[in-house]
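In case you want the letters, here they are:
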Amino acid sequence: FQPNSPAARDVAYFLHPYTNAKAHEEQGPMIIERGQGVYVYDDAGKAYIEAMAGLWCASLGFDEKRLVKAATAQLEKLPYYHTFAHKAHLPGIDLAEKLIQLAPVPMSKVFFCSSGSEANDTVIKLVWYYNNARGRHAKKKFISRIKGYHGVTVASASLTGTPVNHPGFDLPLAGFKHTSNPHYYRFGQEGESEEDFATRMANDLEQMILEEGPETVAAFIAEPIQGAGGVIVPPATYFEKIQAVLKKYDVLMVADEVICGFGRTGNFWGSQTVGIKPDILSCAKALSSSYLPISAVMMTDEVYQPIAQASADLGVLGHGYTYSAHPVCAAVALETLKIYEERDIVGHVQAVAPRFLERLHALGAHPLVGETRGRGLMGALEIVADKATKAPFDPKAGAGALAYKAAAEHGLIVRSIGDTIAFTPPLIINESQIDEMFDKMHKALDDALAALKK
Ligand code: PLP
């Protein structure tokens with residue numbers, strides 16, 4: 001690296017999240033300098049179509065001026081205030097009211113945090129508090145799913161079931177269990193229908209609840225469509241069967257809408273796409289189109305009432321963040337929700353999703369691609385060594401990484417999750433940009449195939 005260049009200084013000082021630190025010392029950073037619409041530009045001026053909306057989140061693309069204005073206006077009026085001890089401000093109040101109006105089932109209260117991880121950490125604490133309030137002191141365990149992604153704080157990382165989040169960290173904490181992953185292509189058995197597979201998944205969950213003891217299991221948390229686990233679309237009847245089991249054992253259903261919320265799957269909430277009726281819902285990311293960090297936990301009145309009573313009895317709800325409902329973040333989130341409504345962003349997703357899914361599924365004909373899957377503007381392809389047997393490549397071949405690198409060379413930023421390549425572009429993407437995205441991906445797969453044959 002050039003001495004004192006941004007790359008040299010990055011390598012010298014910056015420990016990057018989710019990055020191989022040793023490899024980074026050799027490789028250095030990709031420095032993104034600016035954004036426009038669905039494109040971002042690196043420090044050499046090269047354009048990339050951002051097929052992941054950053055981290056599944058910049059739903060309105062990279063230059064929505066109205067959000068800049070909303071932030072600036074709020075910064076000038078009241079740049080910060082807190083919401084502890086009865087304090088409030090209008091952006092927080094308006095945003096709470098708006099979210100309750102938008103909830104997928106009748107809900108009554110919203111708690112604000114700054115990130116998806118904090119939101120899910122808050123979910124855990126509120127569920128514990130709720131069960132303590134009801135005298136159910138043993139009912140504290142959480143069940144999530146293998147490859148589910150719920151964050152990285154000590155507790156939310158315990159919910160997370162992806163491979164890199166536990167080793168080395170002494171996680172998961174006790175009381176956090178992971179049940180089967182509903183990926184039919186990978187885990188469906190010979191001759192098993194999707195329906196039977198869904199039944200087996202629900203049976204696995206029931207078995208786990210019985211083994212743990214239903215009196216110890218508090219909640220089940222799931223993403224409507226798993227994101228970081230590889231964009232796993234569950235079988236049609238999966239959540240119906242899962243929720244029947246939860247009901248039977250009085251276990252709360254928590255929907256993690258951090259990726260799926262706000263139109264991503266073709267409905268306002270992912271819960272509506274897959275038939276979840278949540279008791280608690282966490283959301284973040286596209287709540288503010290990710291321009292500023294804000295997240296929320298929404299709950300039904302049945303969950304809220306015991307929490308309210310306990311907090312009255314104890315004198316205070318002993319949980320909250322300096323930045324809970326930060327007014328500038330809340331103002332940007334409100335403006336984001338206003339834009340979604342005015343521009344009918346869900347209608348737009350429904351209009352362009354057929355093109356997105358058609359082009360995605362067409363890549364299924366590529367010799368490297370074993371499965372394509374998706375809903376709305378959320379999709380993935382899985383690279384395999386043998387399409388007939390579904391056998392993966394030896395991880396040492398780095399097939400997904402090769403495809404990711406080739407895509408970047410063609411001016412396309414995707415996400416490689418092992419050998420799965422994910423696509424969640426900004427929701428404002430149009431059909432010709434969708435074509436451009438998949439044309440580039442096709443070339444990248446050809447390049448990866450050539451490299452793998454060497
Ligand atoms: N939940 C889901 C479904 C996510 O995808 C993520 C992040 O990608 C999180 C929670 C954690 O959010 P954050 O990275 O904002 O802490």
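Fair warning: this is a prediction, and the values are worked out from it, not measured in the lab.

1. Considering the nonpolar core
Argument step 1. If you look at the biggest cluster of nonpolar residues, it comprises 132 residues, and the most contacted ones within it are A296, A403 and L412.
Argument step 2. Sorting elements by how many residues they give to this core places helix α13 (residues 327–342) first, with nine residues.
Argument step 3. Counting contributing residues per domain, this core is built from domain 1 (31–63 + 344–453) and domain 2 (67–342), each supplying no fewer than three.
Argument step 4. Ignoring sequence-local partners within four residues, the contact set of A296 consists of L99, V110, F111, F112, A119, C283 and L287.

2. Things to note about the domain arrangement of the protein chain
Argument step 1. Under the domain assignment used here, the protein chain contains domain 1 (31–63 + 344–453) and domain 2 (67–342).
Argument step 2. A separation of 27 Å is found between the C-alpha centroids of domain 1 and domain 2.
Argument step 3. Between domain 1 and domain 2, the residue contacts involve 25 residues of the former and 24 residues of the latter.
Argument step 4. For the side of domain 1 that touches domain 2, the secondary-structure elements that each account for two or more residues are α3 (53–57), α14 (345–362), β11 (369–375), β12 (378–383) and β15 (420–423).
Argument step 5. Each residue belonging to the side of domain 1 that touches domain 2 can be placed in one class, and the counts come to 14 nonpolar, eight polar and three charged.

3. A word on the site of the ligand
Argument step 1. Around the ligand sit 15 residues in total, of which S115, G116, S117, G151 and V258 are the nearest.
Argument step 2. For the shell around the ligand, the element with the highest residue contribution is helix α6 (residues 116–133), accounting for three residues.
Argument step 3. Considering only residue class, the shell around the ligand consists of six nonpolar, seven polar and two charged.

4. A closer look at the pairing of strand β10 (residues 295–299)
Argument step 1. Judged by how many residues are buried, β10 sits mostly within the fold: five of five residues are covered.
Argument step 2. Neither face of β10 is exposed, since S295, V297 and M299 on one face and A296 and M298 on the opposite face are all buried.
Argument step 3. When strand β4 (residues 109–113) meets β10, the two strands line up antiparallel, connected through five bridges. Directly across from K109, in β10, lies its bridge partner M299.
Argument step 4. Across four bridges, the pairing between strand β9 (residues 280–283) and β10 is antiparallel. Across the sheet, the residue bridging to I280 is M299, located in β10.

The rules we used
Once a new chain begins, its residue numbering starts again from 1 and follows that chain's sequence as written. Local features are withheld for residues below a pLDDT of 70 in this predicted model, meaning they are given only at 70 or higher, and side-chain atom pairs are given and counted only at 80 or more; totals for whole chains, interfaces and linings count all residues. A set of buried Ala, Val, Leu, Ile, Met, Phe, Trp, Tyr and Cys residues, joined through C-beta atoms within 7 Å, is what we mean by a nonpolar core. Buried residues are those with 20 or more other C-beta atoms within 10 Å of their own C-beta, exposed residues have 12 or fewer, and partly exposed residues lie in between; C-beta atoms are placed from the backbone. Only DSSP runs of H or I covering at least 4 residues are called helices, and only runs of E covering at least 2 are called strands; the numbering of each starts at the N terminus. Domain ranges listed in this record stem from an automatic or a database domain assignment. We call two residues in contact when their backbone-placed C-beta atoms lie within 7 Å. For this classification, the nonpolar set comprises Ala, Val, Leu, Ile, Met, Phe, Trp, Tyr, Cys and Pro, the charged set comprises Asp, Glu, Lys and Arg, and every other residue, Gly included, is treated as polar. We call a residue near a molecule or strand when its C-beta atom, built from the backbone, sits within 6 Å of it. Should DSSP find at least two bridges between two strands, the strands are taken to pair.

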